[in-house]
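Per-entry structural report
Listed below are the residues making up each chain.
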Amino acid sequence: MSKAFSSEVDAGSRKENASKQKSDYDVAVVGGGLLGSAIAWGLGRLGKSVAVLDEGDITKRASRANFALVWVQSKGLGMPAYTVWTVQASQAWRRLASELKQQTGLDVALQQNGGFHLTLGDDEFGQRTELVKRMHNQVGAADYKMEMLSASEVKKSLPLIGPDVSGGSYCPLDGHVNSLRTFRAFHTGFRAFGIDYFPERPVSAISKSGGEFRLATPKGELRAAKIVLAAGNANQTLAPMVGLYAPMGPTRGQIVVTERTMPFLPHPLTTIRQTDEGTVMIGDSKEDELDERTMKHSISGVMADRAQRMFPHLARLNVVRSWAGIRVMPQDGFPIYDQSKTHPGAFVACCHSGVTLASNHAFEIARMVTQGALEPELVGAFSASRFGDAGAANNSGY
Ligand SMILES: Cc1cc2nc3c(=O)[nH]c(=O)nc-3n(C[C@H](O)[C@H](O)[C@H](O)COP(=O)(O)OP(=O)(O)OC[C@H]3O[C@@H](n4cnc5c(N)ncnc54)[C@H](O)[C@@H]3O)c2cc1C
């Protein structure tokens, strides 16, 4: 264990740790979920000395509960910059998967051969067609190459669809990954870069003095020249400590997993995907309730029913697992990346779609934090200044 914490230094290793007293680290990342670990990994890759302060395995968070899509289609209606950011992330994912594999030996099972959003009945087909049209017409948006397909066209790629499927949209940039293995690969990788990970160190206060940040935890204080707040929904509380703003509006999602079955689904869907291990994941609801300890079977029932209307043979499979998770959700659904004017060197990062955007966090956000400033042309649209004083409606595609 590193002895960077002041109380631990007092406990006995004063001499050997004296060199770590002045700004123990270049950067302290607060939160070791998918965002914090991707950014920390990216910082380690650039040679920075980094500490990750986390609550750890004691908490169940979005990074352990997600659906694992690397998803592009339908994201960013109302914010063209988000379409550009998402496409960039999707395109950088192969490089990320390959670097993680090379460094850690872990294959994150990235599959990016396009994804479908299937519709049931004429009304849903009509609504989806309208959405695709609006996405195409959005000025300044990236070209998703998203198209509507009839049921017979969908059947050419997904031969086992049932008669209730009326068609769907397809986007060649969509994919999925083993997200828990990705999470593990980031942690394995950042440790290999020499990054210190401190579980059970929830940060309770942050101040800046003498040009460095001081982060208070139950096990002592840690000092760093820069900080990145990547604590998910808890950013709402932490951000104001350093002159930042992160208004959050989390939602809950449920996921159901079946036993393993023969490979039948060559492309992921918005709500169904077959994992690299053969199980079928059915997801994911959007609920206002925020208790992740209970399952609502009435909701899982609707999800399972829709899944078996899409693929009737799923009715024969047993459900082996299900869970609920709380989404990290900025109030309008779009990411927040910001830097403090009052506390230079403090950054905040939070978003839904932390799987999809992991490549951008690892390569782009880490690079900008290292340089000391976010680049307005790349992420200026994601500043929390867009909220003004009032909250905004969620229009992000979720
Ligand atoms: C049901 C569901 C389905 C999803 N599906 C997808 C999907 O298909 N594709 C996709 O791209 N994304 C998906 N997501 C979203 C994705 O999982 C999240 O965007 C991502 O996990 C957010 O990561 P995070 O690190 O910001 O937050 P978290 O996972 O919440 O991690 C935050 C970390 O900060 C720690 N922390 C909190 N407070 C403090 C503190 N004071 N001090 C120190 N540490 C602290 C926590 O313990 C935690 O470890 C889904 C999410 C859910 C719930």
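Residues numbered from 1 in each chain as written. Predicted model: local features only at pLDDT ≥ 70, side-chain atom pairs only at ≥ 80, totals over all residues. Heavy atoms only, no water.

1. A closer look at the site of the ligand
- Near the ligand, the surroundings consist of 38 residues, among which D54, E55, S63, V203 and G354 are the closest.
- Measuring from an oxygen atom of the ligand, one finds a backbone N or O atom of A68 at 3.3 Å.
- With respect to the ligand, the backbone of V355 contributes an N or O atom lying 3.1 Å from an oxygen atom.
- The protein chains hide 97% of the 1,000 Å² of surface that the ligand would expose on its own.
- When contributions to the shell around the ligand are tallied by element, the ones reaching two or more residues are α2 (34–45), β12 (252–258) and β15 (319–326).
- In terms of residue class, the shell around the ligand is made up of 19 nonpolar, 13 polar and six charged. (Near = heavy atom within 4 Å. Polar contact = N/O pair within 3.5 Å; in protein donor to acceptor, adjacent residues only side chain to side chain. Areas by Shrake-Rupley, 256 points an atom, 1.4 Å probe, with all protein chains shown as cover. Helix = DSSP H or I, 4+ residues; strand = E, 2+ residues; numbered from the N terminus. Nonpolar A, V, L, I, M, F, W, Y, C, P; charged D, E, K, R; others polar.)

2. Some thoughts on the sheet that holds strand β13 (residues 272–274)
- Strand order in the open sheet formed by four strands is β13-β14-β12-β15, and the pairing between neighbours is antiparallel. Among the strands making up the open sheet, the edge pair consists of β13 and β15. In this sheet, neighbouring strand axes are inclined to one another by 20° on average, regardless of whether the strands run parallel or antiparallel.
- Sheet analysis places β13 next to strand β14 (residues 280–282), joined by three bridges and oriented antiparallel. Within the sheet, the bridge partner assigned to R273 lies in β14 and is M281. (Pairing = 2+ DSSP bridges. Axes fitted to C-alpha atoms, helices over the stretch in contact; angles between N-to-C directions.)

3. Brief notes about the packing of aromatic side chains
- For the coordinates displayed, the defined rule picks out twelve aromatic pairs.
- Between W85 and F382 the ring centres are 6.0 Å apart and the planes differ by 45°, which places this aromatic pair in the tilted class. Separated by 297 residues along the polypeptide, W85 in helix α3 (residues 80–104) and F382 in the segment after α10 (376–379) bring together distant segments of the chain. Taken as a pair, W85 and F382 share a single burial class, namely buried.
- Taken together, a centroid distance of 5.6 Å and an interplanar angle of 90° make the contact between Y337 and F382 edge-to-face. Of this pair, Y337 sits in strand β16 (residues 336–339) while F382 sits in the segment after α10; the two residues are 45 residues apart in sequence, bridging distant segments of the chain.
- Residue class for F382 comes out buried when judged on its relative accessible area of 0%.
- Through successive ring pairs, a cluster of aromatic residues spans Y82, W85, F334, Y337 and F382.
- Between R95 and the ring centre of F363, over which it is positioned, the NZ or CZ distance is 3.8 Å. (Phe/Tyr/Trp six-rings, centres within 6.5 Å; stacked < 30°, edge-to-face > 60°. Buried < 20%, exposed > 50% of the residue type's maximum accessible area, 1.4 Å probe, protein only. Lys NZ or Arg CZ within 6 Å of the ring centre and 35° of its normal.)

4. Quick notes on the sheet that holds strand β4 (residues 115–120)
- Pairing within the open sheet is antiparallel, and its three strands lie in the order β4-β6-β5. Since the sheet does not close on itself, it has two edges, and those belong to β4 and β5 (147–150), each with one partner. The sheet shows a mean angle of 30° between the axes of neighbouring strands, taken without regard to direction.
- In the sheet, β4 pairs with strand β6 (residues 165–171) via six bridges, with the strands oriented antiparallel. Of the residues in β6, the one forming a bridge with L118 is G168.
- Strands in contact with helix α4 (residues 121–137) are β4, β5 and β6; relative to β4, the strand with the most contacts, it is inclined by about 135°.
- The sheet strands contacting helix α8 (residues 297–310) are β4 and β6, and the helix crosses β4 at an angle near 100°. (Contact = heavy atoms within 4.5 Å.)

Any functional reading would require information that these geometric values do not contain.
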